[in-house]
Structure formats: structure tokens, C-alpha cells
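These are the residues of each chain, in order.
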Amino acid sequence: MMILRLFPALLVTALLAPVVLSGQQPLTLEKIWASSQLVPNDAGQFNFLEDGRHYTRLIGNSILRFDVLTGREEEIIYSGGYQFRIQGYAFSKDEQFILLETD
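Keep in mind that what you see is a predicted model, and the values were worked out from it rather than measured.

Caption draft 1: Region of the structure containing unusual backbone geometry. One non-glycine residue, Glu95, adopts positive backbone phi at about 60°. Its location among the elements puts Glu95 in the loop between β5 (86–91) and β6 (98–102). For Glu95, a relative accessible area of 27% corresponds to the partly exposed category.

Here it is, written out as C-alpha cells:
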């Protein structure tokens, strides 16, 4: 008896589902390769430090150290000034030296 009462609701849902779902646009090769609709947001360059509690980011022409737990900036590790533009960086294994990639 209960199934008979639910049947009209199920029937309407089954008939309307394709109409509602058809509002989605198909995924095309143009959308994938020619447009920027599917490009993910970039988190920027960052490196976790060996202590596991800090990470560094290249912001502008400076390398800054942040606390992982709070997200707060703690220290300017390197400031490049205006002599050259820093494109990237890497720490030595012991994190005592920085290799700078410039233009």
C-alpha cells in the first residue's frame, strides 16, 4: 500500500532527473585545452623546511618563512632587492644555503 503512495513521487523524480541533469554542459576538447575554465588555482611556490613546522614562500622578490600551524609570517629569510628578479629557489640539504634562480 505504501509503495503505491510513493509510486507517483518516484515516477515524477525519475522523469525530471534527466531534465535537471541536462543543464550541465558537456565536456569538450576546447574546454579542456583552449580555455582557462579548467585550470586549477596555483598555490605558488613553497617549500617545507626540515623541522616540519615551517614552510617558505617566494613572495615578490623575498623568501619568507611561515609557521605551518598559524600561517603567520615569522621571518624574512632573504630579500632580493631590485638587482635581479628571483624566479625560484632551493635550499641545501642542511638548509644553510639557498640556490636562487634568476632571470
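Caption draft 2: Main features of the side chain of His54. Position of His54 relative to the elements: it lies in strand β2 (residues 54–59). A polar contact of 2.6 Å, which involves the side chain of His54, links it to the side chain of Asp51. A polar side-chain atom of His54 sits 2.8 Å from a polar atom in the side chain of Glu74.

Caption draft 3: Molecular detail of the sheet that holds β2. The sheet built from 4 strands is open, its strands ordered β1-β2-β3-β4 with antiparallel pairing. Two strands bound the open sheet, and with one partner strand each, they are β1 (46–48) and β4 (73–79). With strand direction ignored, the average angle separating the axes of adjacent strands in the sheet is 25°.

Caption draft 4: Summary view of the packing of aromatic side chains. Under the defined criterion, the tally for this structure stands at 3 aromatic pairs. Where Tyr55 meets Phe66, the ring centres are 5.3 Å apart and the plane angle is 15°; that geometry is what we call stacked. Here Tyr55, found in strand β2, pairs with Phe66, found in strand β3 (residues 62–67); they are 11 residues apart in sequence, far enough to count as distant. Accessibility assignment for this pair places Tyr55 and Phe66 in one class, buried. Ring-pair connections join several aromatic residues into one group, and the members of that group are Phe48, Tyr55 and Phe66.

Caption draft 5: Structural detail: a nonpolar patch on the surface. A surface patch of nonpolar side chains, amounting to about 620 Å² of accessible area, comprises Leu27, Leu29, Ile32, Trp33 and Leu38. Tracing the backbone through its elements, the reader meets Leu38 in the loop between α2 (29–34) and β1.

Caption draft 6: Inspection of the pairing of β6 at higher detail. Bridge count between β5 and β6: 5 bridges; the pairing is antiparallel. Directly across from Phe91, in β6, lies its bridge partner Ile98. A loop of 6 residues connects β5 with β6, the two strands running antiparallel in sequence, and Glu95 in this loop sits at a positive phi of about 60°.

Rules behind the numbers
- Residues numbered from 1 in each chain as written.
- Predicted model: local features only at pLDDT ≥ 70, side-chain atom pairs only at ≥ 80, totals over all residues.
- Heavy atoms only, no water.
- Helix = DSSP H or I, 4+ residues; strand = E, 2+ residues; numbered from the N terminus.
- Buried < 20%, exposed > 50% of the residue type's maximum accessible area, 1.4 Å probe, protein only.
- Polar contact = N/O pair within 3.5 Å; in protein donor to acceptor, adjacent residues only side chain to side chain.
- Pairing = 2+ DSSP bridges.
- Axes fitted to C-alpha atoms, helices over the stretch in contact; angles between N-to-C directions.
- Phe/Tyr/Trp six-rings, centres within 6.5 Å; stacked < 30°, edge-to-face > 60°.
- Patch = residues over 30% accessible without salt bridge, like charges linked within 9 Å, V, L, I, M, F, W, Y side chains within 5 Å.
- Areas by Shrake-Rupley, 256 points an atom, 1.4 Å probe, with all protein chains shown as cover.
- Salt bridge = Lys/Arg side-chain N within 4 Å of Asp/Glu carboxyl O.

Shape descriptors only; they carry no functional weight alone.
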